[in-house]
Amino acid sequence: MESLYATEITVLGVGNTILTDEGFGVRVIEFLQRNYKFPENVQLIDGGTLGVELTHFVTGTSKLLIVDSIDGGAEPGKFFHLCDDEILKHFSQKISSHEIGIQDLLTMFEITGRKIPKVELLGVQPYSLEAGTELSDEMEELLPQVSEKAVDVLRKWNVDVAEKS
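First, a word on scope: everything that follows refers to the structure included in this document. What you are looking at is a predicted structure, and each value in this text was computed from that prediction instead of being measured.

Cut-off values and rules
Residues numbered from 1 in each chain as written. Predicted model: local features only at pLDDT ≥ 70, side-chain atom pairs only at ≥ 80, totals over all residues. Heavy atoms only, no water. Salt bridge = Lys/Arg side-chain N within 4 Å of Asp/Glu carboxyl O. Helix = DSSP H or I, 4+ residues; strand = E, 2+ residues; numbered from the N terminus. Patch = residues over 30% accessible without salt bridge, like charges linked within 9 Å, V, L, I, M, F, W, Y side chains within 5 Å. Areas by Shrake-Rupley, 256 points an atom, 1.4 Å probe, with all protein chains shown as cover. Lys, Arg positive; Asp, Glu negative; His and termini not counted. Charge placed at Lys NZ, Arg CZ, Asp CG, Glu CD. Buried < 20%, exposed > 50% of the residue type's maximum accessible area, 1.4 Å probe, protein only. Pairing = 2+ DSSP bridges. Axes fitted to C-alpha atoms, helices over the stretch in contact; angles between N-to-C directions. Contact = heavy atoms within 4.5 Å. Expected span 1.5 Å × (residues − 1). Polar contact = N/O pair within 3.5 Å; in protein donor to acceptor, adjacent residues only side chain to side chain. Phe/Tyr/Trp six-rings, centres within 6.5 Å; stacked < 30°, edge-to-face > 60°. Lys NZ or Arg CZ within 6 Å of the ring centre and 35° of its normal.

**Here we look at the pattern of salt bridges**
Any two side chains of opposite charge can pair, so long as their charged atoms come close to each other.
At step 1: Within the structure shown, the criterion is met by six salt bridges.
At step 2: Between Lys-156 and Glu-120 there is a salt bridge; the shortest N-O distance is 2.8 Å. On the criterion of sequence distance, the pair formed by Lys-156 in helix α5 (residues 137-156) and Glu-120 in strand β6 (residues 118-124) is long-range, its members being 36 residues apart.
At step 3: The partner of Glu-148 in a salt bridge is Arg-155, with the nearest N and O atoms 3.8 Å apart.
At step 4: Residues participating in the shared-partner salt-bridge network are Asp-84, Lys-118, Glu-120 and Lys-156.

Okay, here's the thing in structure tokens:
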């Protein structure tokens, strides 16, 4: 398997942007791109509802940060931070197309002996999954906070992230 865009670190936002809060991960990627500068060894990807199709974008990455709207069975707005094996455990119980796709992607890397060494997931329990291309007001308010948490993870990984002026 060959990588088209191999970078050391990948930040992957996933979700369906036509179901209000389901597109939260994609909206976080857009927020990060507007507000921060990243070094060349970091790529930000709008993964939408793709799954295994993302293989060429993450093959060769050693650290993967996934941002998503996740159903953890909690109250709307609850923040989740999952690491490594906790992520596959979470996705193994889910049925949305992109969650199945992410589970398949991570499992494929594992069974082919190319498990990504470090994977973390930042997620928020959605407020609304109704049809619509905009986040609910409540999720929109969480964009800066969750984006800052993503930046914190990257800085923990020794990435020099700078705010745009």
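So, next bit.
**Re a negative patch on the surface**
At step 1: There is a patch of like negative charges on the surface, built from Glu-134, Asp-137, Glu-138, Glu-140 and Glu-141.
At step 2: With respect to the helices and strands, Glu-140 occurs in helix α5.
At step 3: The exposure class of Glu-140 is partly exposed, given its relative accessible area of 38%.

**Looking at the sheet that holds β6**
Within a beta sheet, neighbouring strands are joined by backbone hydrogen bonds and run either parallel or antiparallel to one another.
At step 1: Taken together, five strands build an open sheet; the order of strands is β3-β1-β4-β6-β5 and the sheet is mixed. The sheet terminates laterally at β3 (42-48) and β5 (79-83), the two strands that pair on one side only. Averaged over neighbouring strand pairs, the angle between their axes works out to 15° when direction is ignored.
At step 2: The strands touched by helix α1 (residues 24-35) within the sheet are β1 (9-14), β3, β4 (63-69) and β6, with β1 carrying the most contacts at an inclination of about 130°.
At step 3: Along the sheet, α5 contacts β1, β4, β5 and β6; its crossing angle with β6, the most-contacted strand, is approximately 165°.

**Observations concerning α1**
At step 1: Here α1 is 12 residues long and its end C-alpha atoms lie 16 Å apart, about the 16 Å a rise of 1.5 Å per residue gives.
At step 2: On its buried face, α1 is in contact with β1, β2 (36-37), β3, β4, β6 and α5.

**Observations regarding unusual backbone geometry**
At step 1: The backbone phi angle of Asp-84 is positive, close to 50°, even though this residue is not glycine.
At step 2: By the element assignment, Asp-84 lies in the loop between β5 and α3 (85-91).
At step 3: One non-glycine residue, Asn-158, lies in the positive phi region at around 65°.
At step 4: Secondary-structure assignment places Asn-158 in the loop between α5 and β7 (162-163).
At step 5: The exposure class assigned to Asn-158 is exposed, which follows from its relative accessible area of 74%.

**Let's talk about the side chain of Asp-21**
At step 1: Along the polypeptide, Asp-21 turns up in the loop between β1 and α1.
At step 2: Of the side chains with opposite charge, Arg-27 lies nearest to the buried Asp-21, which makes no salt bridge, at 8.8 Å.
At step 3: Separated by 2.8 Å, the side chain of Asp-21 and the backbone nitrogen of Ser-136 make a polar contact.

**A closer look at the packing of aromatic side chains**
At step 1: Under the criterion given, the structure shown has one aromatic pair.
At step 2: Taking the centre distance of 6.4 Å and the plane angle of 50° together, the rings of Tyr-36 and Phe-38 count as tilted.
At step 3: In this arrangement the basic side chain of Lys-78 is found over the ring face of Phe-80, its NZ or CZ atom lying 5.5 Å from the centre.

**Quick word on the pairing of β4**
At step 1: Of all seven residues that make up β4, six are buried, and the element is covered over most of its length.
At step 2: Bridging between β1 and β4 involves five bridges; their strand directions are parallel. The residue of β4 that forms the bridge with Ile-9 is Lys-63.
At step 3: Pairing geometry for β4 and β6, over seven bridges, is parallel. Paired with Ile-66 across the two strands is Leu-121, which belongs to β6.

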